[in-house]
Amino acid sequence: MDSPLPIGAGSGGFKSLKLLTVKPTDSFPEGVTGVQHGVLENGLHYYVRRNPKPRLRAALALGVRVGSVLEEEDERGVAHILEHLAFSATKQYTNHDIVRFLESVGAEFGACQNASTSPDETIYELFVPIDKPELLSQAISILAEFSTEIRASEEDLEKERGAVLEELRIGRNALGRMQEAHWLLMMKGSQYADRQPIGLENVVRNVSAKTVRHFYQRWYRLNHMAIVAVGDFPNTDVVVNLIKTHFEHKRSPVTEGPPREIPLHPVPPHEEPRFSCFAEAEAGGSAVTISCKIPASDVTSIADYRYMLAEGMFHNALTQRFFKISRNQDPPFFSCSSTSESFVRPVKAYIMSANCKERGTLQALESMLVEVARVRLHGFSEREIALERAYLMADIESAYLEKDQMPSTSLRDEYLQNFLRGEPILGIDYKAQLQKTLLPEITAAEVTKIAECYLSKHSCVIKTVEPRARVTQEDLKAVLYRVEALESRRDIPPWDEELIPDEIVEKIPAAGSIVTSTEFPEFSATELILSNGMRVCYKCTDFLDDQVLIHGYTYGGLSEVLERDFLSCSMGSLIAGEIGVFGHKPSTLTDMLAGKRAEVGTKVGAYKRTFYGDCSPSDLETALQLLYQLFVTTVQPGEEEVKLVMQMTREEIKAQERDPFTAYANRVRELNYGNSYYFKPVTARDLNKVNPKKACEYFDNSFKDPSSFTVAIVGNIEPAKAVPLILRFLGGIPKPEKPIMEFQRDELKALPFTFPDGVIREEVRRHMVEAQCSVQMTFPVEFKGPRVMVEVHFTGFICKLLETKIMQVLRFKHGQVYSVSVSAFLGGSRPSRTGNVRGDVAINFSCDPDSAWKLVDLALDEVSRLQEEGPTQEDVATVLELEQRTYENGQQENGYWLDRLLRAYQSRVYTGDLQASFQAQEEWRSSVRSTLTPDTMKDALCRILPVPCRSHHTAVALMPKADRLKQLRELFSRPEKRLKMESKMLLATAGVLVLAAVVWRYSQRSS
């Protein structure tokens, strides 16, 4: 077999890569390439690699081959508790000092310091700056603490129980319950079935510190661990030495008897299929899932790798068929997909899942089974395989082109999987050559054969989810056996392929011309005014070799629509999108774009209409062709397309009406925005008022006149190639004789919304299967005068300060929440150059329903304290560091520069001078940063938020609706003198219920 080193790589790009000469039996070499890998004397593995993306950052991880499957019955949840305790207390750090230290150097909690527990492993991750020599050493020392020095005292455990319980409560929503039911069915008969990482509530509440320590000492052994360090290191040998310094002296805890090896827990197969009909009152719709388990196998040879590629082609081709079916007349499902997933070490699963209309699960199941049977009988066509081959070839080409710009986190994850799962590290050069060699050789027959994995004898599990149980297991069996009978009689016809046009644009337009061209050397951008009036600004970057981002906008959106037309116009994007806004049906367009990396979308908002795109530089022409089609296509609403959209929307509305969180979110909007029609939820009855013709007409007009659009393009652009394409497909968009939907930004209608006066506290009570509670506290803000943009920047710093400090109080001090978020919404104000900016700052968290209002008061106390006393110098330094690190990372991303250009054009100071507007953004940020002190932050808190904060805010809590019988039991247990009017009303209700029960029983005896 050829060497896994790059062959012909590096000079001529992907297309010049030489093919390999390989045999199916060739094995991949043992060991790893492209990374320094070793094992310390104590058994710890290490992986170290230099990677320049992003600059001066390191992605670190400690991978541990220990998960929840190793727990004993009285330890269920302990592996996950340990993960929490690690950030809470170790030998050297206490009371979440690790979190505070990492945040002080710009590593945000959650985004840059996190951990996860699965049945088979636990992973601790850090993403840290390394521009100061000591930071990398300190970060590695923290991971070293996790390996052997996690502290588990009773005090530490009590502080963290609340956060773990809240995470457990969050996971008991409708989605969590459905996932748990499916997991139990899939893993039945194995240790995995009863070892989900979150554990049991009883264990989490009552487990002793001694039990936690025993699990830690028994399983957290250094030979079960690996540290991975990938980053912009000047010298990897220095990093290896740091690892040795912090880890080499570590020793696994002494235990009774010899150290235990990680056991393998098998998942027994079953030839007879299993069935489940799951009723979930809060389900987001009806669904069907078909899962088949097969033994997991390592990818160790060319044959294994080839099968893996064929497997991907199979799932993609089958999903594409499902997509076409979902867009047929009266489809059996709204969406359906096929994939494979490695659930646990011993097995992986092939999974088909579909979302369908209520009472439609049997029809969806039959369609799914028939389609897989059709593949087994007739196979995929050569054309279908060619399309999937083109998709995979485009993906590996993109990865190869960006091999030197791969983020360190991606490489870190690859090395973790090598240690934890034995996945080979082949390197992108070799993988590109291998896929380029193998993909053209994979046949339709190879891909078709994989459909046998969906045979019911392969440990098949079929599950339906409905809001109310309408089908039985016998119904599911009947459908399965009926389709199997059809297949045995070969009574399923072949797939009927549709004709696909060759070209996106039928007639290539005449190119426009450049009216004016302006260079901006300060930020390396060029602005073109085209002959049709469109303004295009492009910036060439080298952050990613295979990315170009596009964003175009114009002023004037749904705020300009009359209230009576608002509903129809707001549905325009959805209806038009189903019909096809780029001149072709969505299912047809998907095939036409095979092998190309070009995506384009649209959005119509309150004040702007926008389009956006993401493409490979080699497919820029395709992306621009799609934009051309957007402007020249007239969408005609067909009866069947409209019927499908309305049916899908009705099902979605029904699902939202069942969801307690939707009712809660709707009430928050209604309360904070004065029940404005713009923020009102759409009801099923509202859909009867939608005029599809008006909806499509509005959408058409939204993207018809190019003269008012400004377009920003950022990425790996070669102007000599890109500008002619811009002129042809953007400059070639015809300008209408009269302006269409032309608006001036300073004259736009403002959305009608009003924040309520005073203080409003409200509970949204809904019936829930499991008690959940979410809380939102909202404060109104309004900026006036010439310092509006400075205040906007101050608001960003205030939100981060509040988030950090309230998290410290509610989680780290009181242990009552899992996370806290604080955000500002300023999008309700019209984007004029002179008007005031109105909006709000919202604090969100979830918690135990019994603790909600106490935690609201604690959060208000912290905001009040900050307004009265101000933050500490350390708090200010942390917030500045977090913002600076985000800013530095952003400067290495195309998305950041695209946003900068757009904000410059949309700035309040922009009147045609892009350079001045661009510079103003930097000046606003710099002026706030340079003046940020405890005193100025205190002043800003008092200036921006209401003072005192308790005097003007809303607080809404989602609460479970109390069970009537439970209320009655509690009522009768109280002393008689405590009964008030509410109690008397409950007693009256109870009397009615008792009377009704007596009448019913009598009627049953009488009949």
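Each remark here, short or long, concerns the structure printed above.
My aim in this report is to walk through the structure given alongside it, one point at a time. (Residues numbered from 1 in each chain as written. Predicted model: local features only at pLDDT ≥ 70, side-chain atom pairs only at ≥ 80, totals over all residues. Heavy atoms only, no water.)

On to unusual backbone geometry, then. Leaving glycine aside, a negative phi is the common case for residues, and trans is the common case for peptide bonds. Here Lys-53 and Pro-54 are connected by a cis peptide whose omega angle stands at -5 degrees. Among the secondary structure elements, Pro-54 is positioned in the loop between β2 (45-50) and β3 (57-64). The amide bond that connects Val-947 to the next residue, Pro-948, takes the cis arrangement and shows omega of -10 degrees. Structurally, Pro-948 can be placed in the loop between α30 (934-944) and β23 (953-960). Its identity as a non-glycine residue notwithstanding, Asp-330 has a phi of 45 degrees, on the positive side. Positionally, Asp-330 belongs in the loop between α9 (302-326) and β9 (335-344). Despite not being glycine, Ser-524 has its phi angle at roughly 55 degrees, a positive value. By relative accessible area, Ser-524 is classed as partly exposed at 45%. (Helix = DSSP H or I, 4+ residues; strand = E, 2+ residues; numbered from the N terminus. Buried < 20%, exposed > 50% of the residue type's maximum accessible area, 1.4 Å probe, protein only.)

Two elements in contact, helix α1 (residues 78-88) and helix α4 (residues 154-170), have axes whose closest approach is 10 Å; the angle formed by their N-to-C orientations is 125 degrees. It follows from the interaxial angle that α1 and α4 lie oblique. The way α1 lies across α4 gives a crossing that is right-handed. Listed contacts from α4 to His-80, Ile-81, His-84, Leu-85 and Ser-88 of α1 are Asp-156, Leu-157, Glu-160, Ala-163, Val-164 and Glu-167. (Axes fitted to C-alpha atoms, helices over the stretch in contact; angles between N-to-C directions. Parallel < 35°, antiparallel > 145°, perpendicular 65-115°, else oblique. Left-handed = near helix turned anticlockwise from the far one by under 90°. Contact = heavy atoms within 4.5 Å.)

So, on to the sheet that holds strand β21 (residues 820-825). If you walk across this open sheet you meet the 5 strands as β19-β23-β20-β22-β21, and the pairing is mixed. Edge positions in the sheet fall to β19 (759-766) and β21, since each of these pairs with one other strand and no more. On average, adjacent strands in this sheet sit at an angle of 15 degrees to one another, irrespective of strand direction. Pairing of β21 with strand β22 (residues 837-846) involves 6 bridges; the strand directions are antiparallel. (Pairing = 2+ DSSP bridges.)

So far we have only geometry, and geometry alone does not tell us how the molecule works.
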